[in-house]
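# Architecture at a glance
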Amino acid sequence: MRSAVLLLVLAIALPSQRTFSGAPEVKQALDKLTVVGSVMMIAAHPDDENTGVIAYYARGKKVRTAYLALNRGEGGQNLIGSDQGVDIGVIRTQELLAARRIDGGEQFFTRAIDFGFSKSAKETLDFWGKEKVLGDVVWAIRKFRPDVIIRRFSGTPSDGHGHHQASALLADEAFGAAADPKRFPEQLQYVEPWQAKRLVWNAFGPGGPPEPAGAASAARVSIDMGEFDPYLGYSYGEIAGWSRSQHRSQAMGAAERKGSQPTYFINIKGDPASKDLFDGIDTTWNRIPGGTKIGELLTRASKEYHPAKPTAILPYLLEARALLAPKKDYYSTIKLHDLDEAIALVAGLWVEFQADKYVAVQGTTSKMKLAAIERNDATITLQSASFRGATGVAPFSKETKLVDNTMLSIPLDWNLSQDAALTQPYYLIEPRTESSFTVNDRSVLGLPQGPAPVVATIKFLVNGTEIELTRGVTHRYVDRSAGELTRPVTIVAPISVRLTEDALVFPAAEARKVEVVLKANQPNRKGSLKLNVPAGWKTDPATLDFNIAAADEEKTLSFVVTPPREASLASVTAVATIDGREYTHGTHVIQYSHIPPQTLAPLAKSKLVRFDAKVLSKRIGYIMGAGDEVPDALRQLGCEVILLSDTDLTTGRLGQFDAIVTGVRAYNTRPDLRANAQRIFDDYVAKGGTFIVQYNVVEGGFFGGDPSILSKVGPYPITTSRDRVTDEHAAVQFPKVDQRLLQFPNQIGEKDFDGWVQERGLYFANKWDDHYQPLFSMHDPGENPMLGGTLVTKYGQGNYIFTPMSWFRQLPAGVPGAYRIFANFLSAGKN
């Protein structure tokens, strides 16, 4: 079982794109074969890692280098779109994998879910369940077996985020717990106890958070991340900037810095290092019993490699493989996999397992092929292929000699059963709790993603020696604007079912239209559709028949849903029936240019939210920023929402709108908004308009950027901070209870802050002109009241509202009070 877990890890870890190719890629692979050692960095979120350290050790020192992130960043914001929650977690997972393909590291996770900003380690560990997340950290250490563990944070309040603090505290405890067979003994049928040599803290250094007391006198070593690698043509600092810039959803574009870049490591536990993190650690093949001869052969191959005559070193590699293959210890298993890949590179062997389409439908047969080519004049014979994953591909064993520089293509059929599992991230398959994902399969626990739907194990003879390569099925295609690309293959149902809103709101006891989108993944899909609603709710009609002729065609079917008269919180599920089989899942594809398309299979289920709310403004202009779903939420209130372009802001007739709202981070991302801010104040607000500004991120300081970007955020001066109220249950007071915005057209009270999700608000104002009046007061436990969550003022004849409360989370989540409060904001001009 232990070897099965490891082999699956190795299969999944194969890169889906190459950043360094040709001679640099081959030389990296050969050098890495000569080194037997590993290091793991532990931090909290995607984008917390030090990519310079990872590049230095993975690309420079050639040791296995891993980054363990405690969560996937589900609670973070999103600069590039409206995706939130698990969707942004999927994006950030793929951004980490893109970063690792550049800096050479491997990626792991625990099951913990990012629940948003936390101000203490205690809150974080209480929420996650300390023992549960500690067990996952121990599991990752036991599985990866790092010689050195690097924690990214100090474990003190100077880290800021409670998740950051918790990551360091968990690393400290896991250092010893991973070696103790009495801790988490249920893991030991899969992995063995492991004691790392040392645990260090990678201090931030000048410009970062202050070091805690005593750190200055602690033993420390340093490395220079700015070292230049002549084979790669970059310094590790340059590679680090390239890698870090993959975190696009988090606005982490970074410079590819040249020149010396020292970074420091302070010893925390284990034997202190004096010169290098690997002091006293044997990273040669001598640490593997019987490995000395193997190491000598691999070192000779690396030294004698010449790009003009790559196959001249094949005899060394093949002899080393013959010695290595019988060994079954941990390192030998890893190195055998790496050696086979290196042999393929040196021999000029390229192989891919391809599907003719990127979508495979349950109960159908898809066309696939193994494609292979040899281009370095080695003698290579395809021997056999076997398959695992979704069943339905027959193994074959037929020796076929590859002809130099001629593509070999072996056609295959993939007969999918009607019950084949739908494609989605493995950690989303089972229902999750508020704090963690449910993963019962130990073979994938901690991995960034699961294997492809079908994985091929392919055996070749290279100059008479057998090697084994593993390839997941992929789809290769040509995009006319971007060229040749690949994308993952996904298994889908014959029909996909999707409700158009995650939360369906009913602000009055009136029936409304509810739409369901059906997409046929096969031609001629006929059946019926129904909505399952609880008692007290009614649908008309009870069922609808559908007939979709073409594959990929969508049809939208509408029901009229009548809510109860009283307030209610329920749910609705859409169910399509074809030939007696029920289908209740959709196909949601997350697609951005910097990551492979990601397919989810969400249940066709939405909230039903009945409450009372009135809105008097009907025509709303919306200035979209980084992306959010507030416009659709406002449409559910009965508003007409029009997205405003740069032309609208520059020369458009703004007076036609009852209110104008800026989307999240609009001032950060819209130069046209900043350029026309005074026009909005003078030509729109002063003449009676209502202007509502949602949250923006203060720039400058440690994270860079231009702090003047928010200088025109209000008609009078406002200083935006990084202050926030993270407790979604924090009590809310009203400094001026008779404020008209709290009275009309909806009477606002404390109950309107019930049921909020993740947080109250973020990036509050901490200074403002006397013209502004605070609307709410709130604070996290142990802190002083914060009044900068919503500021209002008259400007001329109109109304201005600065409100960095997290409406972008509350409204799409169907929080009744959030709708009622925002309806009052929109209606300010009707007071």
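Residues numbered from 1 in each chain as written. Predicted model: local features only at pLDDT ≥ 70, side-chain atom pairs only at ≥ 80, totals over all residues. Heavy atoms only, no water.

## Considerations on the overall build of the protein chain
Convention followed: Only DSSP runs of H or I with at least four residues qualify as helices, and only runs of E with at least two residues qualify as strands; both kinds are numbered from the N terminus onward. Atoms counted for the radius of gyration: C-alpha only. Globule rule: 2.2 Å times residue count to the power 0.38. Only protein chains enter the accessibility calculation, which uses a 1.4 Å probe; a residue is then buried when its area is under 20% of its type maximum, exposed when over 50%, and partly exposed in between. Here a residue-residue contact requires only that any non-hydrogen atoms of the pair lie within 4.5 Å. Computed by Shrake-Rupley with a 1.4 Å probe, the accessible areas treat only the displayed protein chains as cover when residues are assessed. Charge assignment in this entry is limited to Lys and Arg as positive and Asp and Glu as negative, and neither His nor the chain termini are counted. A charge is said to be at NZ when it belongs to Lys, at CZ for Arg, at CG for Asp and at CD for Glu.
Along its length, the protein chain carries 18 helices and 45 strands. For 831 residues, the compact-globule estimate of 2.2 N^0.38 gives 28 Å, and the protein chain sits close to it at 29 Å. If you line up the protein chain on its principal axes, its C-alpha atoms span 85 × 70 × 55 Å. Burial analysis of the protein chain (831 residues in total) assigns 57% to the buried set. Partitioning the intrachain contacts of the protein chain with sequence separation of at least 6 by distance along the chain shows that 75% fall at a separation of at least 24. In the structure as shown, the protein chain presents an accessible area of about 33,100 Å², 50% of it carried by carbon and sulfur atoms. Of the side-chain charges in the protein chain, 92 are positive and 92 negative, and the distance between the mean point of each set is 1 Å.

## A word on the confidence of the model for the protein chain
If pLDDT is low for a region, its predicted coordinates should not be looked at in detail. Just so we agree on the cut-off: Values of pLDDT, which run from 0 to 100, indicate the predictor's confidence residue by residue.
Taken over all residues, the pLDDT of the protein chain has a mean of 94, while the share at 70 or more is 96%. A low-confidence stretch, residues 11-18 stays under pLDDT 50, and its non-local contacts, those more than four residues away or across chains, total 15 contacts.

## Notes on the packing of aromatic side chains
A ring pair, where both rings are aromatic, is described by two values, the distance of the centres and the angle of the planes. To keep things clear, this is the line we draw: Working definition: rings of Phe, Tyr and Trp (its six-membered ring) pair if their centres are within 6.5 Å, and the pair is stacked with planes under 30 degrees apart, edge-to-face with planes over 60 apart, and tilted otherwise. In our convention, an over-ring charge means Lys NZ or Arg CZ found within 6 Å of a ring centre and within 35 degrees of that ring's normal.
What the rule picks out here adds up to 31 aromatic pairs. A connected cluster of aromatic rings, assembled from ring pairs, spans Phe734, Phe753, Trp756, Phe776, Trp807, Phe822 and Phe825. Here the guanidinium or amino end of Arg487 rests over the ring plane of Tyr358, the centre of that ring lying 3.7 Å away.

## Observations concerning helix α18 (residues 816-826)
For α18, the buried fraction is high: 10 of the 11 residues fall into the buried class. Every buried residue of α18 is accounted for by Gly817, Ala818, Tyr819, Arg820, Ile821, Phe822, Ala823, Asn824, Phe825 and Leu826.

## Section: the environment of Pro431
Residue position: Pro431 is located in the loop between β15 (408-415) and β16 (454-462). With 278 residues separating them in the primary sequence, Pro431 and Phe153 have C-alpha atoms 31 Å apart.

## Some remarks on the packing of helix α2 (residues 23-33) against helix α11 (residues 330-347)
A pair of packed helices is captured by two measures, namely the crossing angle of their axes and the spacing between those axes. Here is the rule we go by: Axis geometry follows a simple rule: fit a line to the C-alpha atoms, using only the stretch in contact for helices, then measure angles between N-to-C directions, giving values from 0 to 180 degrees. Angles are sorted into four bins: roughly parallel if under 35 degrees, roughly antiparallel if over 145, roughly perpendicular if 65 to 115, and oblique for all others. Handedness of a helix crossing follows the sense of rotation of the near helix relative to the far helix, less than a right angle counterclockwise being left-handed and clockwise being right-handed. Only Asp, Glu, Lys and Arg are considered charged in this grouping, and only Ala, Val, Leu, Ile, Met, Phe, Trp, Tyr, Cys and Pro are considered nonpolar; every other residue, Gly among them, is considered polar.
Taken N-terminus to C-terminus, the directions of α2 and α11 make an angle of 150 degrees; their axes are 10 Å apart at the nearest point. In terms of orientation, α2 and α11 fall into the roughly antiparallel class. For the element pair α2 and α11, the recorded crossing hand is left-handed. Side by side, α2 and α11 meet where Glu25, Val26, Ala29, Leu30, Lys32 and Leu33 of the first sit next to Lys335, Asp338, Leu339, Ala342, Leu345 and Val346 of the second. For the contact of α2 with α11, the class distribution of residues is eight nonpolar, no polar and four charged.

## Quick notes on the nonpolar core
Note the cut-off: As used here, the term nonpolar core means buried Ala, Val, Leu, Ile, Met, Phe, Trp, Tyr and Cys residues forming a set that is joined through side-chain atoms within 4.5 Å.
One finds Leu317, Trp414 and Phe460 to be the most contacted residues of the largest nonpolar core, which totals 110 residues. In contact with Phe460, other than residues within four places in its own chain, are Leu349, Val351, Ala372, Ile380, Thr381, Leu382, Gln383, Leu402, Thr465, Glu466, Ile467 and Leu469. Counting residues in each nonpolar core, the second largest holds 51 residues, with Val609, Phe611, Tyr622 and Ala818 among its members.

## Thoughts on empty space enclosed by the protein
To keep things clear, this is the line we draw: Note on definitions: the grid is 1 Å and covers protein atoms alone; a cavity is a set of points where a 1.4 Å probe fits but cannot get out; a pocket is an open set with protein on both sides within 12 Å along at least five of seven lines; lining residues have an atom within 4 Å of a point. Grid points are joined across faces, edges and corners, and a volume is the space filled by probe spheres set on the points.
Using the criterion set out here, one finds seven cavities of 30 Å³ or more in the structure. For the largest cavity, the calculated volume is near 50 Å³. Considering the residues around the largest cavity, the lining is formed by 13 residues, among which Leu422, Ala493, Gly586, Thr587 and Ala601 are closest to the centre. Sorting the residues of the lining of the largest cavity by element identifies β20 (490-492), β21 (495-499) and β31 (598-600) as the ones contributing at least two each.

## Overview of the sheet that holds strand β13 (residues 380-389)
Definition in use: Any two strands are treated as partners once DSSP identifies two or more bridges connecting them.
Spatially, the four strands line up as an open sheet ordered β14-β13-β16-β17, and their pairing is antiparallel. Across the chains shown, the open sheet's two edge strands, defined by having one partner strand only, are β14 (396-401) and β17 (465-472). Sheet twist, expressed as the mean angle between neighbouring strand axes with direction ignored, is 25 degrees. By the bridge criterion, nine bridges tie β13 to β16 in an arrangement that is antiparallel. Looking across to β16, one finds that Thr381 is bridged to Leu461. Set on the sheet, α11 makes contact with β13, β16 and β17; between it and β17 the angle comes to about 100 degrees.

## Focus: the packing of helix α5 (residues 121-128) against helix α7 (residues 162-177)
The contact between α5 and α7 brings their axes to 7 Å, and the two run at 75 degrees. Between α5 and α7, the crossing angle belongs to the class labelled roughly perpendicular. In this structure, α5 contributes Ala121, Thr124, Leu125 and Trp128 to the contact, and α7 contributes Gly162, His163, Gln165, Ala166, Leu169 and Leu170. Partitioned by chemical class, the residues of the contact of α5 with α7 number six nonpolar, four polar and no charged.

## What about the sheet that holds β21?
Taken together, the four strands give an open sheet; going across it, the order is β21-β23-β27-β25, and neighbouring strands pair in antiparallel fashion. Strands with a single pairing partner mark the edges of an open sheet, and in this sheet they are β21 and β25 (538-540). For this sheet, the mean inter-axis angle between neighbouring strands, taken without regard to orientation, is 30 degrees.

## Observations concerning the pairing of strand β33 (residues 619-623)
Of all five residues in β33, four are buried; the element is thus mostly enclosed. As paired elements, β33 and strand β34 (residues 640-643) share four bridges and run parallel to each other. By the bridge assignment, Ile620 is partnered in β34 with Val641. Two elements, β33 and strand β35 (residues 659-662), share four bridges in a ladder whose sense is parallel. Along β35, the bridge assignment pairs Gly621 with Ile660.

## Topic: unusual backbone geometry
The residue after Asp540, namely Pro541, is reached through a cis peptide bond having omega 0 degrees. The residue Pro541 is located in the loop between β25 and β26 (543-548) in this model. Not every positive phi belongs to a glycine, and Asp47 is a case in point at roughly 85 degrees. Mapped onto the elements, Asp47 comes out in the loop between β1 (38-43) and α3 (51-60).

## Structural notes on the environment of Thr292
Under the convention used in this document: Whenever two N or O atoms come within 3.5 Å, that pair is a polar contact, provided that in protein one can donate a hydrogen and the other can accept it, and provided that, for residues adjacent in sequence, both atoms are side-chain atoms.
Topologically, Thr292 is positioned in helix α9 (residues 292-304). When residues no more than four places from it in sequence are discounted, the contact partners of Thr292 are Trp285 and Asn286. Within polar-contact distance, the side chain of Thr292 engages the side chain of Asn286 at 3.0 Å.

## Quick notes on the pattern of salt bridges
Quick note on the threshold: A pair is scored as a salt bridge if a Lys or Arg side-chain nitrogen falls within 4 Å of a carboxyl oxygen belonging to Asp or Glu.
According to the stated counting rule, one finds 33 salt bridges in the structure shown. Across the pair Arg300 and Glu304 runs a salt bridge whose closest N-O atoms are separated by 2.9 Å. Of this pair, Arg300 and Glu304 both sit in helix α9, four residues apart, which is roughly one turn of that helix. By relative accessible area, which is 44% here, Arg300 ends up partly exposed. Its salt-bridge partner being Arg679, residue Asp683 comes within 3.8 Å of it at the nearest N-O pair. One end of the pair, Asp683, and the other, Arg679, are both in helix α16 (residues 677-685), four residues apart, so they sit about a helical turn from each other. Since its relative accessible area comes to 22%, Arg679 is described here as partly exposed. One connected set of salt bridges, linked through shared partners, spans Lys130, Glu131, Glu173 and Arg183.

## A closer look at the environment of Pro785
For Pro785, the location among the structural elements is in the loop between β43 (777-778) and β44 (791-795). Note on Pro785: relative accessible area 54%, which makes it exposed. Remark: the alpha-carbon pair of Pro785 and Gly176, spanning 609 residues in sequence, is separated by 41 Å.

## Thoughts on the pairing of strand β32 (residues 605-610)
Where strand β22 (residues 503-506) lies against β32, four bridges are found, and the strand directions are parallel. In the strand pairing of β32, Phe506 is matched with Arg610.

## With respect to the side chain of Asn824
Secondary-structure assignment places Asn824 in helix α18. Residue Asn824 is classed as buried on the basis of its relative accessible area, which comes to 0%. From its side chain, Asn824 meets the backbone oxygen of Asn746 in a polar contact 2.8 Å long. If we ignore the near neighbours within four places in the chain, the residues touching Asn824 are Leu741, Leu742, Gln743, Phe744, Pro745, Asn746 and Ile748.

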